[in-house]
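Each chain, letter by letter, is given below.
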Amino acid sequence: MELELKNITKKYKDKEAVKNANVTIHTGVTGLLGANGAGKTTVMRMICGVLKPTEGTISFDGLNVEDEMYRDVLGYLPQDFGYYPNFKARDFLLYIAALKGLDKESAKVKCEELLKKVNLSDVANKKISTFSGGMKQRLGIAQALINDPKIIILDEPTAGLDPKERVHFRNMIGELGKNNIVILSTHIVSDVEHIADRILMMKDGEFIYDGEIKDINMDLEEFYLKEFEEA
Amino acid sequence: MTDKDIIRLVKDTYDVNPGVKGRSFIREHTKRKIHLSSIIMMQLKELNPLTIIITICISFMGVLLTFIKNYSSSIWVCSSIMPLAALIITADLGRSKRHQMTELEMVTRFSLRMQKSVRIFIGGMLGLIIHALIIPFLSIKSGIAPCISVLALGCPYLFTSWGCMLITRKYHNTESIYGCTAIAMSAAIIPIMVKTLLSQFNKGLLATIGAVILASLFVAITTEIRKYLQEDRNTTWNLN
Ligand SMILES: Nc1ncnc2c1ncn2[C@@H]1O[C@H](COP(=O)(O)OP(=O)(O)O)[C@@H](O)[C@H]1O
Ligand SMILES: [Mg+2]
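Residues numbered from 1 in each chain as written. Chains lettered and ligands numbered in written order. Predicted model: local features only at pLDDT ≥ 70, side-chain atom pairs only at ≥ 80, totals over all residues. Heavy atoms only, no water.

Q: Which parts of the structure should I look at to understand the pairing of strand β2 (residues 15-26) of chain A?
A: Residues in a regular strand point their side chains to alternate faces of the sheet. All names here are of chain A. In this sheet, β2 lies alongside strand β1 (residues 2-12) in antiparallel orientation, the contact comprising eight bridges. The residue bridging Lys11 from the neighbouring strand is Glu16, located in β2. The hairpin turn running from β1 into β2, its antiparallel successor, is two residues long, and Lys13 in that turn takes a positive phi close to 50°. (Pairing = 2+ DSSP bridges. Helix = DSSP H or I, 4+ residues; strand = E, 2+ residues; numbered from the N terminus.)

Next up, the structure:
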């Protein structure tokens, strides 16, 4: 499995949010680190085919991500997302499952499994409007996984999670990274230092660092700040 | 050129059928069956119940009006309530954007575009049903020629639909509802004006003008539907 970004540039009117990016991403957890406004969300949206690159192509094993087949193996947690006002947690998951083309039976099974995994089984019949930020975020993570995706894109997944939830989340991601391509973005170094296999750092629309985490011999936070200064 | 670039260049040059590997991989990993019927059912289920209730009420009211004896204005009253139906039906079309579901619905196998097409189809059907219920009664009970009814009911209906779609496409926030309501209200006044004009102008002339307006509205709404279906992929996303 290989996700390839080739000469990717994204311009918003006159602003260049991503500048000629070339990266190939393999199985494992890839952490996308960068300050607010670095271009992380823009990159992730393009990988998901939600946003069209101004230049360049993104492909999965040679298949352009614009191909609708690609979405069968994609799971995406957007940075911001909403829900229809009448939705309960379970409705939300079943709705996404139906859109993803799961049949009723497997959708039900998968839905219960994920509700349990993200600790929302007790509130499955509660309206999402009554949820806390962390609960909503966990529901978002669950919906991303409902089609057993091979490519999992999580944009700021730890936002709103409390410390206990964060630990739980890390374990979940580590598990997923064994057989899938997992990309998660964050501006918090500690979110990725224990679970990522590879780190990509972004600054002002450019990838300023790309390497295996095991090759970084110093504290990641310090390394990150150093790279930022030098870039 | 670095080694990496050269490897890539060679790969690109000799890879005659890009995507084959990806395709076969995806086929191996998923067994999704996509049926149009299931998405239609789904969108029907997600339809706001209020939309259906109001559609039924308006059709019923329209039909009821034609039963009033010796009442010559039933067509104009019907014409005045059409914008309300259009408002309710089109307001539902913007729900993905209004509730920030766009991104989630775009990355699923049933693309957002497909879902929106189905929503348009359902909305169009509801509109047709209302017209198809009222027009025969106007013809039988009030003796109004169907082509005149089509003009009288269709113009305010299409005008409101077009205006509401335009506004919801341009303005993402919930306040766009107020704009839509304003459009619907102005459209509801037009029949009253036409009724007054009717006594002063040649009926044939007015009918011709009506027909031209209806035709233009058809063109306008087709364009608007096309834009509605195309808008998402390059939406300038709300920043926060
Ligand atoms: N729709 C848009 N229109 C104009 N500029 C945008 C838009 N979306 C993002 N940007 C700009 O592009 C840059 C990258 O944004 P983003 O990808 O959201 O960064 P991050 O996710 O790393 O915070 C920012 O400077 C942002 O202001
Ligand atoms: Mg972001």
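Q: Help me out: how do you make sense of unusual backbone geometry in this one?
A: Among all residues except glycine, the phi angle is most often negative; among peptide bonds, the trans geometry is most common. Within the chain, A:Asn7 stands out as a residue other than glycine whose phi angle is a positive 45°. Note that A:Asn7 resides in strand β1.

Q: Got a minute to help me understand the coordination of the magnesium ion (ligand 2) in this structure?
A: Think of it this way: four donors in a tetrahedron around the metal ideally sit 109.5 degrees apart, and six in an octahedron ideally sit 90 or 180 degrees apart. Residues and elements named next belong to chain A. Within the protein, the atoms that donate to the magnesium ion (ligand 2) are Thr41 (OG1) and Gln79 (OE1), at distances of 1.9 to 2.1 Å. A residue pair is termed long-range when its members are at least 10 positions apart, and Thr41 in helix α1 (residues 40-47) and Gln79 in the loop between β6 (74-77) and α2 (89-99) qualify at 38 residues. Overall, the relative accessible area of 16% leaves Thr41 in the buried class. (Donors = N, O, S within 2.8 Å, 3.2 Å for Na, K, Ca; no water. Buried < 20%, exposed > 50% of the residue type's maximum accessible area, 1.4 Å probe, protein only.)

Q: I keep staring at the environment of A:Glu112 and nothing clicks. Help me out?
A: In this structure, A:Glu112 sits in helix α3 (residues 104-117). There is a polar contact of 2.7 Å between the side chain of A:Glu112 and the side chain of A:Arg90. (Polar contact = N/O pair within 3.5 Å; in protein donor to acceptor, adjacent residues only side chain to side chain.)

Q: Would you mind going over the sheet that holds β2(A) with me for this structure?
A: Whether parallel or antiparallel, the strands of a sheet pair through hydrogen bonds between backbone atoms. Residue and element names in this part refer to chain A. Strand order in the open sheet made by the four strands is β2-β1-β4-β5, with antiparallel pairing throughout. Only two strands of the sheet have a single neighbouring strand rather than two, namely β2 and β5 (63-64). Across the face of the sheet, α1 comes into contact with β1, β2 and β4 (55-60) while running at roughly 125° to β1. (Contact = heavy atoms within 4.5 Å. Axes fitted to C-alpha atoms, helices over the stretch in contact; angles between N-to-C directions.)

Q: Please explain the nonpolar core as it appears in this structure.
A: One recurring pattern in soluble globular proteins: nonpolar side chains tend to sit buried together. By size, the foremost hydrophobic cluster in this structure holds 88 residues, and its most contacted members are A:Phe92, A:Leu154, A:Ile173 and A:Ile199. Broken down by element, this core gets its largest block of residues, nine residues, from helix α5 (residues 74-91) of chain B. Residue-level mapping places this core at the junction of two domains, with at least three residues from each of domain 1 (2-73 + 149-230) and domain 2 (83-147) of chain A. Here A:Phe92 is in contact with A:Phe81, A:Gly82, A:Tyr83, A:Phe87, A:Ile128, A:Leu139, A:Gln143, B:Met101 and B:Leu104, once residues within four sequence places are set aside. (Core = buried A, V, L, I, M, F, W, Y, C linked by side-chain atoms within 4.5 Å. Domains from an automatic or database assignment.)

Q: Sorry, what's going on with the domain arrangement of chain A here?
A: Often, the extent of an interface is quoted as the loss of accessible area on bringing the components together. All names here are of chain A. Domain annotation for chain A reports domain 1 (2-73 + 149-230) and domain 2 (83-147). The C-alpha-based centres of domain 1 and domain 2 are spaced at 24 Å. Taken residue by residue, the interface counts 16 residues in domain 1 and ten residues in domain 2. Summed over both sides, the interface of domain 1 with domain 2 buries roughly 1000 Å², with 62% coming from carbon and sulfur. It is Pro149, Glu165 and Met172 in domain 1 that bury the most area against domain 2; as a group they hold 40% of the surface buried on that side. Arg138 is the salt-bridge partner of Glu165, the closest N and O atoms lying 2.8 Å from each other. Applying the counting rule to domain 1 against domain 2 returns five residue pairs in polar contact (both at pLDDT 80 or more). (Buried area = accessible area lost by both parts, 1.4 Å probe. Salt bridge = Lys/Arg side-chain N within 4 Å of Asp/Glu carboxyl O.)

Q: Is there a simple way to think about the confidence of the model for chain B in this case?
A: Parts of the model with low pLDDT should not have their predicted coordinates read in detail. Looking at chain B as a whole, its pLDDT mean stands at 86, while 92% of the residues score no less than 70. For this predicted complex, the interface confidence score (ipTM) comes to 0.92, while the overall pTM stands at 0.87. (pLDDT = per-residue confidence, 0-100.)

Q: How should the sheet that holds β6(A) be read in this particular structure?
A: All names here are of chain A. An order of β6-β7-β8-β3-β9-β10 is seen for the six strands of this open sheet, with the pairing classed as mixed. Each having just a single partner strand, β6 and β10 (206-212) make up the two edges of the open sheet. Recorded for the sheet is a direction-independent mean angle of 15° between the axes of neighbouring strands. When strand β3 (residues 28-34) meets strand β8 (residues 181-186), the two strands line up parallel, connected through six bridges. Its bridge partner lying in β8, Gly28 is registered against Ile181.

Q: I would appreciate a short explanation of the pairing of strand β7 (residues 151-155) of chain A in the present structure.
A: All names here are of chain A. Taking burial as the measure, the five residues of β7 include five buried ones, the bulk of the element. Going residue by residue along β7, you find Ile151, Ile153 and Asp155 tucked away on one face and Ile152 and Leu154 tucked away on the opposite face as well. Looking at chain direction, β6 and β7 are connected through four bridges and run parallel. Looking across to β7, one finds that Leu74 is bridged to Ile151.

Q: What's the story with the packing of aromatic side chains in this structure? I'm lost.
A: Any two aromatic rings considered together are summarised by their centre-to-centre distance and by the angle between their planes. Taken as a whole and assessed by the stated rule, the structure comprises nine aromatic pairs over all chains. Taken together, a centroid distance of 5.8 Å and an interplanar angle of 45° make the contact between B:Phe67 and B:Phe137 tilted. Residue B:Phe67 is located in the loop between α4 (49-65) and α5, and its partner B:Phe137 is located in helix α8 (residues 112-142); the two are separated by 70 residues in the primary sequence. A connected cluster of aromatic rings, assembled from ring pairs, spans A:Phe81, A:Tyr84, A:Phe87, A:Phe92 and A:Tyr95. In this structure, A:Lys136 is placed above the aromatic ring of A:Phe81, and the distance from its NZ or CZ to the ring centre is 4.5 Å. The ring of B:Tyr228 is capped by B:Lys116, whose NZ or CZ atom sits 4.3 Å from the centre of that ring. (Phe/Tyr/Trp six-rings, centres within 6.5 Å; stacked < 30°, edge-to-face > 60°. Lys NZ or Arg CZ within 6 Å of the ring centre and 35° of its normal.)

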